[in-house]
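What the coordinates show
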Amino acid sequence: MHVGRLEAEATAMTESYVQRLSAILLDAISDKDPLVQEQVSGALCALGESQPEEALRACEQYMRQQEKLARPHRTAILRAMEKVVSSHTGELDKAAARAAVLLASREMTKAKELVCDWQQAASSVLVAVGKQHIGLVMEEVLSKFQPGALPHHFVVQTLADLAVANVFGTVPFLTSILSTMLPMLGAAKHDTTRVVLCYALQHFSESILEYLANLDQAPDPTVRKDTFAADISGAYDVLFHHWLQSREAKLRLAVVEALGPMSHLLPGEKLEEQLPRLLPGVLALYKKHAETFHVSKSLSQILDAAVSMGSRTLEVQLDSLLAALHSQICVPVESSSPLGTSNQKAVLRCFTVLACCSPDHLLAFLLPKLDASGERTRVGTLQAVRHIINSAAAQMGVKKAFILSSMRLPLLDPNSKVKRAVVQVISAMAHHGYLEQPGGEAMIEYIVQQCALPPETESQQLGPDGEDLVADSVRAVSVSTLYLVSTTVDRMSDVLWPYLLEFLTPVCFTGALTPLCRSLVHLAQKRQEAGAGALLIQYDSNAALPSPFAITTRLLTVASSPYVGGGRGVASLRLLSVLHQNIHPLLGQQWAAAIALLLKCLDEYTEETLSQREWEEKLLTFLRDTLVVVSDDTWICRLSLEMCKQLPCYNRMPQEKSFLYKCIGTTLGATSSKEVVRGQLRELLEAASSQEEAEREDLACCFGICAISHLDDTLAQLEDFVKSNVLRKSIGIFNIFKDRSESETDKVKSALILCYGHVAARAPPELLLARVESDILRNMFQCFSTKVLGVKVETKDPALKLCLVQSLHMATQAICNSPQAGSFHFSQKAELVAHLVEFIKAEPPDSLRTPIRKKAMLACTHLVSLGPPLEEQARVDMIRGCLHSVMAVLPEPEGQDGGQECLYLDTMRALEDLLTSLLQRNMTPQGLQTMVEHLRPWIKSPQGHERARALGLSACLLQHLREHLYISALVPFHNLGLLIGLFSPRCADLWPASRQEAVSCIYSLMYLQLGYEGFSRNYRDPVVEQLLVLKDSLVHPDPAVLSHTCHSIAQVIGKRLPPDQLISLLLTTFEGLGDADQSCSRASAVMIHCLLKERGGVLLEKVPEIVSVLRSKLQETQEEQVLQAAQHSVCLLASQHRAALVSSLLGSPLPFDSQSCALWRALATEPSLTTPVLGLLLERMSRDAPFQESRASLLSGSPSRVATLLPLVATCALCEVMSAPASGPAVLELYPQLFTALLLRISCTLGVRLPQNLQAKERGGASPAPVSRSFEPCSSAVAALQAMLTRGGSEGVVQHMGLEGGWELLRTSAGHEEGVTLLARAMAKFAGPRLPLVMKALMCIQSSTYEIQRTTSTAFLAELLSSNVASDLMLLEPLLDSLEARQDDTCPSVRRLALRGLANVTSSCPGKVQTHGTQLLTAMLGGLDDPHGLVALEAMAGLSRLLGLVEPRDVRPVLLHVAIRIRPFFDSEKAEFRSASIRLFGHLNEVCQADCEDVFREQVVSGLVPLLLHLQDPQVPVAAVSCQQGMGGPGWVGAGDSGGCPTGLRVCPAHVRPQPGVRGAGGGLPEAPAGGLEPALQGLPEHHLQAPDAPLPGAAGTPGEHLPVLLQEQLGGCPRRSPHAHRVPGAACGAHAGAAGGPGAARRSGSPSPSTPAPAQGPGPLSTHESCRDPGPPGEVRLRLLAVPLLE
């Protein structure tokens, strides 16, 4: 009890779970998404599978609760319920079934109108329940099917469906149902109702008929057809007489469908009565409906009912029936139309019914239709005939002959559909014994003919409606029919055997050989089972059968194409195996084993994998073994005759014919009869179609095989044929129409030449060499070139030429394969090679149309290995001709398949073999180099395909050498670098194939090198093996990837390349820089850089050579990438061999060309190199003397200076390096050294000429004119200095110098000093921070041996002291010390410039003058004592500038010395000296103080008169200075007031008192007029001046009275010269200087004269003014002016 309660609880829990789950699913079924609805329905069905009753109950409850649920959702639930009920009909209890029935009934009849989907779903639930619970369903449905009212549409439909679904359960209810329904028929007015009532009557009738047909299983076996006859009869009347006439097509079809089964239930009398009206009524519907299946089905049922009751009225209707049925059977049926197929089956059932009752009438109607020409008629009739043969065999048995004879015309119909129908009829005939009758052979032959149809044409046929007939083609149907008839119809065995053998040999049945052989094999095996004798063929009684030789030939020949025709080879070999007794009694055992091996071979291979050559060789071996087993010469000769007889049969089967020729040759080789052999060969030559290339080849192959055993007979027969008239050309006009045309003769010659070639190829080696030249080659060339009227004429037929080349190839190959080939002396070798080369050259170079090239090169390959050796020129011509003939062939355009690819590959392979054979004769590095040199132009070709081919050949040659190289001693691979350098740039070729082949070449070269180093051939180097990995990456076209890969390849090369080969590799790779392919050029650069970086350390001695190559490469091309590569290479070399590289570059000729300049500038691109390179160049520039002195001749004057070459080149190199912008940092680093060296270089090259060789080059125009004009030593140094300043950040200096003309001054000897001064001034202004180091460097040059260098450095330093930079940068003391030290220099210019620099302190540091006063005055005083006048001049100028700034105490000790020292210069002939001394004298007066007045007074008085006289100095600057310095002074009144002499005559001391009455101190000196000094002297104080002969003061006359006169006489008039008068040198009236004097006058007026003027020795005679305007009073006044001191 406890267990039961638990089970009840579990069941309740399960039911509760199912109900909840069902409720969830049912709620979800109303989802708007159709996919969700479908998934929910599936879930409900799945739930119902496990718990059907609970699921149905849940659905029933849900639908009752959800009355407003939409109809589509209710339909979905009902369908789910129907599926559950159908799956579990037997499991439902009555309660569940009743609930489902009530729900479905309510849902079905809820709506009065038709809602098909919803109501049909409810009806289906009822039908599903009714299969098991018919009572419940009938009770519910019949409750709604009551008399007197038309039932619901789906109530009637449900009853009809129940009748079909549950026959035994429904039929017992049909009596009452029919009785209730009959009154309804009259009341039904709507077509829909009538249709459903017809539907119900149809299914009721079918149910009754099924019930009656299975009474033994029925629940009530007493039911009879008569039970329903009355009701069915009444219903028939309504349907046929009323409803069938309706216009509604649906109703008519429903009526006719119902009439079919109802006709079986009608009483016989009524059916017989109604047939005359029923059949025409039904037949009339064929015209009213397109879909006629229901009509045909009903008609077949009516006819069956009529025949079953033995109707007599049917005979009358046969004609109309047959006509209608025939028209239906002739309608084409599409496979996609199920109703059409069903209609055809229904029509054929009608024919079956009629054939059983009226066979004669039926055949009389059908067979004449076979003669009709229409496809549809004939096909439909044949289908009907085939059907009645099969379905009415008993009735048709006696009509066999009649039916066979009626097939005559259909057999001739070419239509595929007709053929297929005929084959199907024949198949039916075979099963029913028709083919055993006379005329049956024609049917068999027809089947075989259809089996022979070609599949390719059959597959292209389409039906009239586009239907493809491949799957059901005539041939396929025929093949299957023949096999089925042969294997399944026992009675056909005697009919087909041996009759089918007749179809083996005719060519027209070749396509049917496979099914024929299979059928014959099956028939023969059945005969073997019956007994050994039954298989033997009786040829006497079967004369039409083929002979054993014909069968053997045929089957063996077709077996050569084993996979053609659906496996022809297997079938024919199997047939041969079972026919061995009929072929020859001795072949059984041998054939069994041999054919089994052949069949096994075919099983192991496919059509794609089986080699045709190997398969044919197996078959020929099988034939040879067969002939050996037979060993009957007569039998063999008959076989050969049969083979020759069958040759023409294979004209359209070239492969089979080719094999048959081989079989003939094999068979003739096996016979011992020479007469038969020669006769057969002669017949073959005469009968062969020489016009066909394939047949010529096959004929020649036959001769070759025969020559294996009958060489002499074969050659003799060929020679006889050659000598016959068949090859003679017509030479007479009357024979022109008799002989063959020239083209036909050439074809025959081609065949003969090929025959000779094959004979040579297959002849026994021991017999060949003796006959090859005398019998074979001689006759070959005799056929190729004939004589016409004694003139040798060679044919132009390309086919004949090809045959000759091919035959020569075979002959030479046979000679080489001979064991005696090594000792054979081929006397015609050179001639043959020349012929072959001519043939090759005659081919078009841009296209490949014939295999002449290939064959000729193969022949040359064999000839090369024979003796005697070829001459060198002949060998070269052969190689070049072959390469040019193949390399230049244009490739096939992409997307086009001209069929030449295979020919091209074969030709390339032949070329590879030729080159390999040539290399084989010299397996050394030199031999390899020779072959590569021939390929070099093609490797560098601008055409991509030519490069790819050449590299492929190179790779092949290298691989061959690597695989076959034998090294007996370790020798160097001396040209390894050259070869790698040739191939390495191609690793980046535009063509991927070229890139990979190039790597393959390098790979082989690396292993060759390892072999020469002693490694074994099998050794694998891990570094070299990396090339294979890199080779795969070269497929990628990305330039970056290619560049990286090339770098990796170069690394591999660098690791394994011997050091002695590195330079040759580099030099060869440098050649690649100029490659037309920029990608290869870049690759060359990458590899060069990698090699230089990795292995450049060993190239020290080769640097000059490398630089020379780089320069030449740059001269050859202007490509940017070449320039960059060369520059990078130079940088890499410089990083390892800096000095050697610089020395090599310095060897470049001057002036530098653009290439050399580019290489120099490259050194500036690498910061780590630029500074050392500049240092090296500075060292080279300073190492040698800057110039050499030489005399042009012994008579020439002073020696000339010629620049030394190395410093000159180094200067130019410095200019180029520093012209590169990247050199800036290095220039900054070496700024002082560079500036100093270049400045001094400029000074050393002033006036220096170019070396003689460069002068000659300039005169010869070796350089462009602008370069020649500007190229001279000093200009190059100036340019270098300009570049240095620009790169050093001192552009302002360069620009300032350019504006001031400083660069031009620097270049000239006259302006150099001023140019240096301007440069120093510009440096101080724009490059001040650089000056300390520059100054330090220049100070180090002060001890230079070259005066000009000391001069330049001193001038620069001196000018620095005139700038504020000297004090700003604290350079004063070092500069002063340095310049002071230069006072002892041997060069006057240095001393002069040093003094100027010391005096420049007054400009830059006036406050420092007092500090260094003693030092400065000492230097100046030393300069006054300098024997060189210009030094003294500079000292005077310097003192003039210093005196106003030094301490007076420093001046006093030297005042007298200075005054005395400068006094002689007053009388100097040079104006600048006079001007400087007078100015200095004036400054001395200014600085004179009270304590030194007495000392200085005498000097003043003694100098007064010269000063006054110099007022009339012809040099304006001197006169101006005299005016400035001679008047006014500290005691001179009015000093500074005069406009003409602003300072007055400062030489007159204040204590020289004027006379009383004279103008006081406040008076000024009147301005001197332009005409002379007289106006200027007015107001001058009167001094006590007297001549030597004048009386002393106090004598007669007042001295003052004479002073103006005397002065006027002396100064203003024209005094006479007195020997004691003061002399003014060079003074002339009216001669004026153009510039003022002063310290700078000497510099501005030009270089001072090196001569030192002698100081004046006291006063001299006065100058005479020869051109004075006023001659003055007569007489000559000679005065000695004496300064008389005035005493207080």
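In what follows, the structure referred to is the one given above.
We now examine the packing of aromatic side chains. Given two aromatic rings, their pairing is described by the distance between the two centres and the angle made by the two planes. If you walk through the whole model with that rule in mind, you get 16 aromatic pairs. Summarising the aromatic geometry, the rings of Y236 and F240 are spaced 5.5 Å apart at their centres and angled 5 degrees between planes, so their arrangement reads as stacked. In this pair, Y236 and F240 both sit in helix α11 (residues 226-241), four residues apart, roughly one turn of the helix. Ring plane angle 40 degrees and centroid distance 5.7 Å describe the contact between F824 and F826, whose orientation is recorded as tilted. A relative accessible area of 12% means that F824 is categorised as buried. Through successive ring pairs, a cluster of aromatic residues spans Y499, F503 and F509.

A few words on the nonpolar core. General note: in soluble globular proteins, nonpolar side chains tend to be found buried as a group. Residues F351, F983, L1285, L1319 and F1356 are the most contacted members of the largest nonpolar core, which totals 496 residues. No other element matches helix α49 (residues 992-1012), which puts 11 residues into this core.

Here we take up the packing of helix α4 (residues 71-87) against helix α6 (residues 116-130). As a packed pair, α4 and α6 sit with axes 8 Å apart at the nearest point and diverge in direction by 20 degrees. Here α6 runs roughly parallel to α4, going by the angle between their axes. Judged by the sense of rotation from one axis to the other, the crossing of α4 with α6 is left-handed. The residues of α6 that touch α4, namely those facing R71, R74, T75, L78, R79, M81, E82, V85 and S86, are D117, W118, A121, A122, S124, V125, A128 and V129. Each residue belonging to the contact of α4 with α6 can be placed in one class, and the counts come to nine nonpolar, three polar and five charged.

Omega for the peptide link from W497 to P498 comes to 0 degrees, which places this bond in the cis form. Positive phi, normally seen in glycine, also occurs at S631, with a value near 55 degrees. Looking at the element boundaries, S631 is found in the loop between α33 (612-630) and α34 (633-646).

All right, on to the packing of helix α38 (residues 711-723) against helix α39 (residues 742-762) then. The geometry of α38 relative to α39 is characterised by a closest axis approach of 11 Å and an angle of 160 degrees between their N-to-C directions. As the angle between them shows, α38 and α39 are arranged roughly antiparallel. Where α38 crosses over α39, the handedness of that crossing is left-handed. On α39, the residues that touch L711, T714, L715, L718, E719, F721 and V722 of α38 are V748, L752, C755, Y756 and V759.

Here we come to the side chain of S1276. Within the secondary structure layout, S1276 lies in helix α64 (residues 1273-1287). Of the polar contacts made by the side chain of S1276, one reaches the backbone oxygen of P1273; its length is 2.6 Å. Those residues in contact with S1276 that sit more than four places away from it in its chain are L1208, T1211 and C1212.

Calculation rules
- Residues numbered from 1 in each chain as written.
- Predicted model: local features only at pLDDT ≥ 70, side-chain atom pairs only at ≥ 80, totals over all residues.
- Heavy atoms only, no water.
- Phe/Tyr/Trp six-rings, centres within 6.5 Å; stacked < 30°, edge-to-face > 60°.
- Helix = DSSP H or I, 4+ residues; strand = E, 2+ residues; numbered from the N terminus.
- Buried < 20%, exposed > 50% of the residue type's maximum accessible area, 1.4 Å probe, protein only.
- Core = buried A, V, L, I, M, F, W, Y, C linked by side-chain atoms within 4.5 Å.
- Axes fitted to C-alpha atoms, helices over the stretch in contact; angles between N-to-C directions.
- Parallel < 35°, antiparallel > 145°, perpendicular 65-115°, else oblique.
- Left-handed = near helix turned anticlockwise from the far one by under 90°.
- Contact = heavy atoms within 4.5 Å.
- Nonpolar A, V, L, I, M, F, W, Y, C, P; charged D, E, K, R; others polar.
- Polar contact = N/O pair within 3.5 Å; in protein donor to acceptor, adjacent residues only side chain to side chain.

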